[in-house]
Amino acid sequence: GDSVTQTEGLVTLTEGLPVMLNCTYQSTYSPFLFWYVQHLNEAPKLLLKSFTDNKRPEHQGFHATLHKSSSSFHLQKSSAQLSDSALYYCALSDRDYGSSGNKLIFGIGTLLSVKP
Amino acid sequence: NAGVIQTPRHKVTGKGQEATLWCEPISGHSAVFWYRQTIVQGLEFLTYFRNQAPIDDSGMPKERFSAQMPNQSHSTLKIQSTQPQDSAVYLCASSLVGTGGEQYFGPGTRLTVL
């Protein structure tokens, strides 16, 4: 079945350094990929969604590129900010609308902690 | 737009008691999802409704868990004979119907089973 792998449970960075959170996936079809962010005591919110073509989605300084050849959708940012500290989930949604609709399959999540 | 509303925000039950969790999706959204969040397992899909019809309950524990959507404005998740391992944050999300649609999450209900 479909699955998402996030290899880092915790990433600790100093403010100003680049961010890269890893995400790889397995899917029978060609899925949509997402990054959701969850700040402490808040609901998860959509950060990025993959496009069908080669466009690179960007939001709040974060970007991710879908590489079908390596089944990856890593999240990157050039300079971490204190406010980026949060839990980040990579997720996929199958394109096979008829069977599973658009339920999300999540990775385990990566906790990003940005220090001054 | 109030977003997805979930009640109660916190619920404490004794082992063996029943718990009912409520979700009000965003008006106009016809897809409703339930997820469970724990530290160990992360976010797990439970069940999904589209236009009030149950579509996929592959993530639901077969015993004790049930979900309904009696009308377009609310859905319920019921857990019978709650066990300590059911302790988690239960999240409801809604979206417009369509593959790849953004899901909007509610604040969750934190269930604690003593």
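Refer to the structure printed above.
All of the points below concern the structure found in this document.

Scoring rules and cut-offs
All residue numbers here refer to positions counted from 1 along the written sequence of the relevant chain. As they are written, the chains are lettered A onward and the ligands numbered 1 onward, keeping that order. Since the coordinates come from a predicted model, pLDDT governs what is reported: local features require at least 70, and pairs of side-chain atoms require 80 or more to be given and counted, while whole-chain, interface and lining totals use all residues. As a rule here, side-chain values come from all non-hydrogen atoms in the structure, and water together with hydrogens is ignored. In this text, helices come from DSSP runs of H or I with a minimum length of four residues, and strands from runs of E with a minimum of two, each type numbered from the N-terminal end. Throughout this description, buried means an accessible area under 20% of the type-specific maximum (1.4 Å probe, protein chains only), exposed means over 50%, and partly exposed covers the range between. For the purposes of these results, a polar contact is taken to be a pair of N or O atoms within 3.5 Å, where, inside protein, one atom must be able to donate a hydrogen and its partner to accept one; residues adjacent in sequence count only when each atom of the pair is a side-chain atom. Contacts are assigned to residue pairs with any non-hydrogen atoms lying within 4.5 Å of each other. Each reported salt bridge corresponds to a side-chain nitrogen of Lys or Arg within 4 Å of a carboxyl oxygen of Asp or Glu. The pairing test for Phe, Tyr and Trp rings, Trp by its six-membered ring, is centres within 6.5 Å, and the orientation test on the planes gives stacked under 30 degrees, edge-to-face over 60, and tilted for anything in between. Any Lys NZ or Arg CZ found within 6 Å of a ring centre and within 35 degrees of that ring's normal is scored as a charge over the ring. The term nonpolar core refers to a set of buried residues drawn from Ala, Val, Leu, Ile, Met, Phe, Trp, Tyr and Cys, joined through side-chain atoms within 4.5 Å.

**Some points on the side chain of A:Lys103**
If you trace the backbone, A:Lys103 turns up in the loop between helix 1 (97-100) and strand 11 (104-106). On the basis of relative accessibility, which here comes to 16%, the residue A:Lys103 falls in the buried class. One polar contact links A:Lys103 to B:Ser58, side chain to side chain, over a distance of 3.2 Å. Those residues in contact with A:Lys103, other than ones at most four positions away along the chain, are A:Leu92, A:Ser93, A:Asp94, B:Phe33, B:Tyr35, B:Phe45, B:Asp56, B:Ser58 and B:Gln103.

**Considerations on the pattern of salt bridges**
One pass over the structure, following the stated rule, counts six salt bridges over all chains. Residue A:Lys103 pairs with B:Asp56 through a salt bridge whose shortest N-O separation is 2.9 Å. Taken together, the residues A:Lys103 in the loop between helix 1 and strand 11 and B:Asp56 in strand 6 (residues 53-56) connect one chain to another. The residues A:Lys103 and B:Asp56 share a single accessibility class, namely buried. The shortest N-O distance in the salt bridge between B:Asp86 and B:Arg64 comes to 2.6 Å.

**A short note on the packing of aromatic side chains**
Evaluated as defined, the whole model comprises eleven aromatic pairs over all chains. Taking 5.6 Å as the distance between ring centres and 80° as the angle between the ring planes, the aromatic pair formed by A:Tyr36 and B:Phe105 counts as edge-to-face. Of this pair, A:Tyr36 sits in strand 5 (residues 32-38) while B:Phe105 is found in strand 10 (residues 104-105), placing the two residues in two different chains. As far as the burial class goes, A:Tyr36 and B:Phe105 line up, both buried. Taking the centre distance of 6.3 Å and the plane angle of 25° together, the rings of B:Phe33 and B:Tyr35 count as stacked. Three or more aromatic residues joined by ring pairs form one cluster here, namely A:Phe34, A:Tyr36, A:Tyr89, A:Phe106, B:Phe33, B:Tyr35, B:Phe45, B:Tyr48 and B:Phe105. One Lys or Arg, A:Lys49, reaches over the ring of A:Phe32 and ends 4.7 Å from the middle of that ring.

**Considering the nonpolar core**
Ranked by internal contacts, the top residues of the largest apolar core, which has 24 residues, are A:Leu33, A:Trp35, A:Leu47, A:Leu75 and A:Tyr88. Contributions of two or more residues to this core are made by strand 2 (10-14), strand 3 (19-21), strand 5, strand 6 (45-49), strand 8 (62-64), strand 10 (86-93) and strand 12 (110-115) of chain A. Discounting residues that sit within four places of it in the chain, A:Leu75 has contacts with A:Val19, A:Met20, A:Leu21, A:Trp35, A:Leu47, A:Leu48, A:Phe62, A:His63, A:Ala64 and A:Tyr88. The next biggest cluster of nonpolar side chains, apart from the first, holds 19 residues, and it includes B:Ile26, B:Leu46, B:Leu77 and B:Cys92.

All we've got here are geometric facts, nothing functional implied.
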